Amino acid sequence: MTRTPFVAGNWKMHKTIAEAEAFVSGALPLVGAIDDVQIGVCVPFPSIQAVVDSTRGSSLQVYAQNVHWAEQGAYTGEVSVAMLDELEVAGVVVGHSERRQFFGETDADLRKKLPVILAAGLEPIFCVGETEEQREAGETERVLRHQVQEGLHDVADGDLAKVTIAYEPIWAIGTGKVATPEQAQEACAFVRALVAARDAEQGEQVRIQYGGSVKPENAAELLALPDVDGALVGGAALDPASFAAIVEAARA
Ligand SMILES: O=C(CO)COP(=O)(O)O
């Protein structure tokens, strides 16, 4: 079973429209025609239209960074899947630890969001990961099991592999403290086993990204791990050359 590697840059709250367009101009000559790696950028809402327009026809796909589960309604500040779909994004990141930590996104929210995203034909990147305290207390597997089982609870067995799961240990995000290859492999294999327990074939097919201080210098080693199918990249994805170097590391 070969899984197409998937490298996504998560810009978080970075880049104005002009800065986003400058990134695309720099990145397209480097990655715009690569077809053996799925490539995405997760863009703040205001720049999505501009980035969709400037990447149309290229390999660079556009993802949003949040979505609400309701079809529409009185949810000030939120955005629906229909609104994202209209923008022609490929998908959306949900459950990022920053959204869980700072904006109160819960496993119960994710349980509602994932089926709605899939029903709209969009691709979710679903983030999970433990804190440093939880790892030190030996709770990594318990935490991952809870997050994965709850988040995917209402996704049909046959749709599980339409979700990309990003394993992002919180202690490795933005800290320069990357997981060791052993830690990354062990956690990603554990996440895959959780999906396989629902459906063996979907477990084989589901893509699992590692995220947390991925850089051009450490990407090749992480991306070569058997259960790591790509990367979700923060800081190193803000610059086109460094993002492209990580994409290159994912090529066979
Ligand atoms: O949170 C991340 C991607 O979603 C990882 O961020 P860094 O690559 O900056 O550690």
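For the structure itself, consult the block above.
Please read these numbers as outputs of a predicted model, since none were measured by experiment. (Residues numbered from 1 in each chain as written. Predicted model: local features only at pLDDT ≥ 70, side-chain atom pairs only at ≥ 80, totals over all residues. Heavy atoms only, no water.)

For the rest of this paragraph, the subject is the pairing of strand β5 (residues 123–128). Within β5, five of the six residues are buried, leaving the element largely enclosed by the surrounding structure. In this structure, strand β4 (residues 91–94) lies alongside β5, joined through four bridges in parallel fashion. Among the inter-strand pairings, V93 is bridged to a residue of β5, identified as I125. (Buried < 20%, exposed > 50% of the residue type's maximum accessible area, 1.4 Å probe, protein only. Helix = DSSP H or I, 4+ residues; strand = E, 2+ residues; numbered from the N terminus. Pairing = 2+ DSSP bridges.)

Packing of helix α1 (residues 17–31) against helix α2 (residues 45–55) brings their axes to within 9 Å, and their N-to-C directions diverge by 25 degrees. Taken together, α1 and α2 sit at an angle that is classed as roughly parallel. Judged by the twist between their axes, the crossing of α1 over α2 is right-handed. Listed contacts from α2 to I17, A20, E21, V24 and L28 of α1 are P46, S47, A50, V51, S54 and T55. Here the contact of α1 with α2 is composed, by residue class, of seven nonpolar, three polar and one charged. (Axes fitted to C-alpha atoms, helices over the stretch in contact; angles between N-to-C directions. Parallel < 35°, antiparallel > 145°, perpendicular 65-115°, else oblique. Left-handed = near helix turned anticlockwise from the far one by under 90°. Contact = heavy atoms within 4.5 Å. Nonpolar A, V, L, I, M, F, W, Y, C, P; charged D, E, K, R; others polar.)

Okay, the packing of aromatic side chains next. Summed over the entire model, instances satisfying the criterion amount to six aromatic pairs. Judged by centre distance (5.0 Å) and plane angle (70 degrees), the rings of W11 and F23 are edge-to-face. Here W11, found in the loop between β1 (6–10) and α1, pairs with F23, found in helix α1; they are twelve residues apart in sequence, far enough to count as distant. For the pair formed by W11 and F23, the shared burial category is buried. Taken together, W11, F23 and F243 form an aromatic cluster joined through their ring pairs. Stacked on the ring of W11, the Lys or Arg K15 has its end atom at 5.4 Å from the ring centre. It is K112 that lies over the ring of W69; its NZ or CZ is 3.9 Å from the centre. (Phe/Tyr/Trp six-rings, centres within 6.5 Å; stacked < 30°, edge-to-face > 60°. Lys NZ or Arg CZ within 6 Å of the ring centre and 35° of its normal.)

This part is about the sheet that holds strand β7 (residues 207–211). Strand order in the closed barrel formed by eight strands is β1-β2-β3-β4-β5-β6-β7-β8, with parallel pairing between adjacent strands. In this sheet, neighbouring strand axes are inclined to one another by 25 degrees on average, regardless of whether the strands run parallel or antiparallel. Inspection of the sheet shows strand β3 (residues 60–64) paired to β4 by two bridges, in the parallel sense. Of the residues in β4, the one forming a bridge with Y63 is G91. Against the sheet, helix α8 (residues 181–198) makes contact with β6 (164–167) and β7, and its axis sits at roughly 150 degrees relative to β7, the strand it touches most. Against the sheet, helix α11 (residues 240–249) contacts β1, β2 (38–42), β3 and β8 (230–233), and its axis sits at roughly 160 degrees relative to β1.

One finds L84, F126, L152, I165, Y210 and F243 to be the most contacted residues of the largest nonpolar core, which totals 68 residues. If you tally residues by element for this core, the top one is α8, at seven residues. L152 has contacts with L114, F126, L160, V163, I165, V195 and R198, leaving out every residue within four places of it along the chain. F6, A8, Y63 and C127 belong to the second-largest nonpolar core, a separate cluster that totals ten residues. (Core = buried A, V, L, I, M, F, W, Y, C linked by side-chain atoms within 4.5 Å.)

Bringing α2 into the picture now. Each α-helix winds once per 3.6 residues, and so residues spaced three or four apart point in a common direction. Those residues of α2 that sit buried are S47, I48, A50, V51, V52 and T55. Buried positions along α2 lie against α1, β2, β3 and α3 (81–86).

Right, let's get into unusual backbone geometry. Excluding glycine, residues mostly have negative phi values, and the peptide bonds linking residues are mostly trans. A positive phi angle, near 55 degrees, is found at K12, a position not held by glycine. Following the sequence through the fold, K12 ends up in the loop between β1 and α1. Residue K15 is not a glycine yet carries a positive backbone phi of 85 degrees. As for its position among the elements, K15 is in the loop between β1 and α1.

Turning our eyes to something else, we now look at the side chain of Q147. Here Q147 lies in helix α7 (residues 140–151). Of the residues examined, Q147 reaches a relative accessible area of 9% and is grouped as buried. Every residue in contact with Q147, bar those within four places of it in the chain, is listed here: R100, D107, F126, V128 and G129.

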